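Analysis of the macromolecular model
Take a look at the letters that make up each chain.
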Protein chains: 2
Amino acid sequence: MYMLCMCYVCNIVIFCTFIFIQIQGGVRSRPTSVDLYMRQLVIHEILQDAAQLFPKREIVSGDVRLTYADMYERVLRLANRLDQMGVKPGTVVGVLDVNTHRYLELHYALSMLGAILHTINFRLPPQDIIYTVQHAKDEWIWISEPFAKLHASIRPYVKHLVWLADETEVANGTLKEFYQEKDLIYETLIHDGQALLPETVETITEQSPYSIFYTTGTTGKPKGIRYRHRDMVLSPLQILHHLSLHPGGAHIDRRDTFMPLIPFFHIHAWGTAVFVPYLGAKLVLPGKSTPAEQLALIRKEEVSWSNMVPTQLSMLLDLLAPGETLSLKVLTGGSPLSKGLARRSAERGIQFSLIYGGSDQLGTGISVIPEHMALNDPDALEILATRTRPLPMVNIEMRSKEGHLVPWDGQTIGEIWVSSPWLPDGYLNQPDESAYFYRDGRFRSGDLGVRYPDGSIYVVDRERDAVKSGGEWIPTGVLESILSEHPGVKAAVVLARPDEKWGERPLAIIVPVSSDPRNPNDQQDLEKTLRAYLKALTEQGRLSSYWVPDTFVFLEELPTTSAGKIHKTALRQQLGLS
Amino acid sequence: MYMLCMCYVCNIVIFCTFIFIQIQGGVRSRPTSVDLYMRQLVIHEILQDAAQLFPKREIVSGDVRLTYADMYERVLRLANRLDQMGVKPGTVVGVLDVNTHRYLELHYALSMLGAILHTINFRLPPQDIIYTVQHAKDEWIWISEPFAKLHASIRPYVKHLVWLADETEVANGTLKEFYQEKDLIYETLIHDGQALLPETVETITEQSPYSIFYTTGTTGKPKGIRYRHRDMVLSPLQILHHLSLHPGGAHIDRRDTFMPLIPFFHIHAWGTAVFVPYLGAKLVLPGKSTPAEQLALIRKEEVSWSNMVPTQLSMLLDLLAPGETLSLKVLTGGSPLSKGLARRSAERGIQFSLIYGGSDQLGTGISVIPEHMALNDPDALEILATRTRPLPMVNIEMRSKEGHLVPWDGQTIGEIWVSSPWLPDGYLNQPDESAYFYRDGRFRSGDLGVRYPDGSIYVVDRERDAVKSGGEWIPTGVLESILSEHPGVKAAVVLARPDEKWGERPLAIIVPVSSDPRNPNDQQDLEKTLRAYLKALTEQGRLSSYWVPDTFVFLEELPTTSAGKIHKTALRQQLGLS
């Protein structure tokens, strides 16, 4: 509820606004500053609208249950306290946390102040985390319990350290050993603040910087990318709208309950920090949790929609009892979805869509069921697992090595160049890298794909992972997917091996399901089986004969990157390929 | 299909882009200018994307059938020709046409040039049309056959006159008598142009003005409103997204076929000129057509979605044979939907949603089925007919006469103040009017409504039409709706009659279904029946006793405005009330 006082002085109308937020039936009054700015595409207005239109919808975070109205009040208090403590437009605030309500609140409180949210990639090695804290010029660092041990190495570089906890947790709990007197406590800041919209809110425009993130980067130092408010409004909303406009596995309905398993640090949990409040839907935040705990939450809170990388999806499926199904819609991506995993998901009742994008380009495409296809068409599953269609307002060009635009024939491989209204303009303080990757108003993704006549894109592989054999690209992603379908294969990777005659030839690395990788006979048998399998597929026309790997290597497990993807660079080093 | 040439000079990369548009299987080549601008929220990119992603989807306009790819080619040719002829950023171009493919093409060709599309309200009296042509400073005027007779009175004020026709129509058809040698012909311009993206396209930003429209205005001269590109991207898309995210009668599916019956001049047919190509759906443009012809088109082209004012909906229903149904989703608005019309629509299979908004504020709210309600709930129909929920990103305040914010109790009447990212900043060259209606970053709508706890809004009436009796507002819209439900009533209007004691009292104007309005006995009988009917409803608690009109007046028909709404000002004059 709102009230508004009007004063007439010399025919000039002055409005003094007081906001009364309706909280679970009760009414508390707290005045806010004057609301004189034209509505912009700024992040905090998303929560403001949610608190107004969906005040009683829930946010569940561990043992905490909040409504959007509750959260908005906490956000106002936090912003007010931070305002008093000198957080200004441009102040950089680093956060080390899993997906909790406190992290979500910071998304909105910092927005009101024009401060820049540095979502720290906690999967980076500690020295890289410290590098990003220094490079982004973080003045504040906010740490939750799982990352408490990092406090000592980060302290020297920041002015303020805040524990994402309450006083009891700090005084008596696991944080006691880390706490220092000058440190601040999250819940105390909220307690001390007043639910007043800070005056700076009027100075924030949609062009203001909103957040900063550092890409993992398989080589060299992490690269920083800044997102503006409008980027983080438009891009997440287009993910939502795309999933709502087109039939597909992760189709969104306003009645869904959302649980992001993608961490907030990664493009704000692929935009869910923004689009779930925008939709006014119930949000479940899993905090630090094991796959088993996440599965229990899905059941308890009736979660119907989640996002996760294929590795997480595979782990979730592993937890299901034989024959058990799970009614869940999943948006997955980050690495290709193998046909084996796609089939397993479908068998267990999980519907999925594939998203293509990345920190440097944001959301770009999501798989949909094509117009000409019935929803239950048997081919729909494969298309949902492999072919993404550009989000509305995204324009994609597929260019050959020589710079020509390649035909939309579902065969010719090109590099993906992306243009959109939310494209970042480059890497922070890295003019050379920026100039290379951001050209002509487009981002050069380094990803290779083929484009189908309906405009959908099959990402065959990262450029650096692709195999160029005799002047022709071999799509290693396709090969990996085909190999993973074989019942004897748990995981498969295909890498380029230098070859005198052909330039490069494909090498397959196989993690078998059951054979003993140290037993050469087992390996030889599996290799023989796989070669016969690939030969049969070649005869069926599903792959070209020159795509068949020359060499097979068998491993017990594959190295992974900090983001949970297969670490191809490490694998290459392990096999002496680079 | 695209091709791109790359030239390396001193390590500087220069891109020369050539666009090859794939048209119905054939490939034609035409070079475009360099594509170096960052993607903005500009109108012409919507069609560009449609031509790329949905090249074969159809646009039907009279006997003409085009694909999006065809239309994009025609738009490029037209823009190129106009570029040569001196149409520049800021050039104002007036158009007098019904909903045709040519008018739609102008939407996109002028966008590429940064010219301003003046969508002339052809329902204005001729002297007002001429006033708007002069006030907007139209340099070009484009006229189609239905408006040919206006040519002579407009000619003196413009530099160029273009006939929306081909040479045959001008040489031998109905336009022959109007054509003068210096006039231009639409299809000749397209024929003479090359399908080249004009160079100016790079200078257009989302802040550039896109179109201008003059509101009807019941008093005084029409007021001009300018829309920026971003306004006409964001607002139509939010209408689409709202209709896709929430269940409701006019719910949108990408498989729908759209036929806008709202004229393009009125906010670009309530945004369909933009959001249908954005969705890549089939579009049917009815041109100049009678309701019977529109019904035939709906059946022939399998139209599943349309927009229209309640008067049009009523006329469509009148055409159906007894017991006949029509599977059509309708977005309606512009004036309240009476319960009688809502019921008739539902009985005939027509599903509808109500939109609230206007030229001065654009799309603001659309009715949805509330979260707690089943889709087939019997109350859903009434809610869809009466209560709109703000579009995402729209923020609405309901203020009392004294400026206080009124509670969301479904009872207290307040004035609607609207804020959104696409709000115009005022009326063209009318600083006083602008300052009155556009304040605090909000538009003061002059509409009265009540707000429900779920945030939805029931627009009870225009402020100037409302009745204030004894210090209390009487919602005349509610009264009109209730009266219209009575089987003896064809149409009902409630107006304020000055009253010494109460300030104002309601007066009901009734168009009876069957009684002879000149027969006093018939009138007395009906009045008696209606009074008993209202008394019963009062006893049921559906209306307050003081709402019951003191006076009943019976008329054969009601005067209507140029926009097809009931002309309350004229009615007031007719009855000696103003």
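Here the structure is a predicted model, which means the values were calculated and not measured.

1. A word on the overall build of chain A
- Each helix and strand in chain A was counted, giving 18 helices and 29 strands.
- In chain A, which comprises 578 residues, the proportion classed as buried is 51%.
- Sequence-distant contacts, at least 24 apart, represent 64% of the contacts inside chain A between residues at least 6 apart.

2. A short note on the packing of helix 1 (residues 44-53) of chain A against helix 10 (residues 272-279) of chain A
All names here are of chain A.
- Packing of helix 1 against helix 10 leaves a shortest axis separation of 8 Å and a crossing angle of 30 degrees. When the interaxial angle is binned, helix 1 and helix 10 end up roughly parallel. Helix-helix and strand crossings are classified by hand; for helix 1 and helix 10 the assignment is left-handed. Contacts between helix 1 and helix 10 involve Ile46, Leu47 and Ala50 from the former and Val274, Pro277 and Tyr278 from the latter.
- Its residues assigned to classes, the contact of helix 1 with helix 10 shows 6 nonpolar, no polar and no charged.

3. Brief notes about the environment of tyrosine 103 of chain B
Residues and elements named next belong to chain B.
- Relative to the helices and strands, tyrosine 103 resides in helix 3 (residues 101-113).
- Judged by the 26 C-beta atoms lying within 10 Å of it, tyrosine 103 is buried.
- Residues tyrosine 103 and threonine 560, spaced 457 residues apart in sequence, show a C-alpha to C-alpha distance of 26 Å.
- Ignoring anything within four residues of it in the chain, the contact list for tyrosine 103 reads Val95, Asp97 and Phe264.

4. Observations concerning the confidence of the model for chain A
Residue and element names in this part refer to chain A.
- Here chain A shows a mean pLDDT of 87. Residues at 70 or above account for 89%.
- Within the model, the stretch residues 1-37 combines pLDDT values under 50 with 72 contacts to residues more than four positions away or in other chains.
- The ipTM, which scores confidence in the relative placement of chains, is 0.79 for this predicted complex, and the corresponding pTM is 0.81.

5. A few points about the sheet that holds strand 8 (residues 140-143) of chain B
- The strand order 10-9-8-6-7-11-12 (chain B) describes an open sheet built from 7 strands, whose pairing is mixed. Strands with a single pairing partner mark the edges of an open sheet, and in this sheet they are strand 10 (184-185) and strand 12 (223-228) of chain B.

6. Details of the pairing of strand 12 of chain B
Residues and elements named next belong to chain B.
- Strand 12 sits mainly inside the fold: 5 of its 6 residues count as buried.
- Here strand 11 (residues 209-215) runs beside strand 12; their pairing, made up of 6 bridges, is antiparallel. Its bridge partner being in strand 12, serine 211 is matched across the sheet by tyrosine 227.

7. Examining the packing of helix 11 (residues 291-300) of chain B against helix 12 (residues 310-319) of chain B
Residues and elements named next belong to chain B.
- At their nearest, the axes of helix 11 and helix 12 sit 9 Å apart, and the two run at 75 degrees to each other. Considering their axes alone, helix 11 and helix 12 lie roughly perpendicular with respect to each other. In this structure, helix 11 uses Pro291, Ala292 and Leu295 to contact helix 12, whose residues at the interface are Met315, Leu316 and Leu319.
- Split by residue class, the contact of helix 11 with helix 12 holds 6 nonpolar, no polar and no charged.

8. Section: the sheet that holds strand 11 (residues 209-215) of chain A
Residues and elements named next belong to chain A.
- Overall, mixed pairing links the 7 strands, which are arranged 10-9-8-6-7-11-12 in an open sheet. Whereas interior strands pair on both sides, the edge strands pair on one side only; in this sheet they are strand 10 (184-185) and strand 12 (223-228).
- Direction of pairing for strand 6 (residues 92-96) relative to strand 7 (residues 116-119): parallel, over a ladder of 4 bridges. When the bridges of strand 7 are listed, glycine 94 appears paired with histidine 118.
- Across the face of the sheet, helix 8 (residues 229-245) comes into contact with strand 11 and strand 12 while running at roughly 80 degrees to strand 12.

Calculation criteria
- Residue indices begin from 1 for each chain and proceed along its sequence in written order.
- Naming scheme: in the order in which they are written, chains are lettered from A and ligands are numbered from 1.
- Predicted model: local features are reported for residues with pLDDT of at least 70 only, side-chain atom pairs are reported and counted for 80 or more only, and whole-chain, interface and lining totals are derived from all residues.
- Secondary structure elements follow DSSP: runs of H or I of four or more residues count as helices, runs of E of two or more count as strands, with numbering from the N terminus.
- Here a residue counts as buried when 20 or more other C-beta atoms sit within 10 Å of its C-beta, as exposed when there are 12 or fewer, and as partly exposed otherwise, the C-beta atoms being derived from the backbone.
- Contact between residues is assigned whenever the C-beta positions, reconstructed from backbone atoms, fall within 7 Å.
- The convention used is that axes are lines fitted to C-alpha atoms, helices contributing only their stretch in contact, and that angles between N-to-C directions extend from 0 to 180 degrees.
- The scheme is simple: roughly parallel for angles under 35 degrees, roughly antiparallel for over 145, roughly perpendicular for 65 to 115, oblique for anything else.
- Throughout, a crossing is termed right-handed when the near helix is turned clockwise from the far one, and left-handed when it is turned anticlockwise from it by less than a right angle.
- Classification used: nonpolar for Ala, Val, Leu, Ile, Met, Phe, Trp, Tyr, Cys and Pro, charged for Asp, Glu, Lys and Arg, polar for all others including Gly.
- The quantity known as pLDDT measures the predictor's confidence residue by residue, on a range of 0 to 100.
- At least two bridges found by DSSP between two strands are what make those strands a pair.

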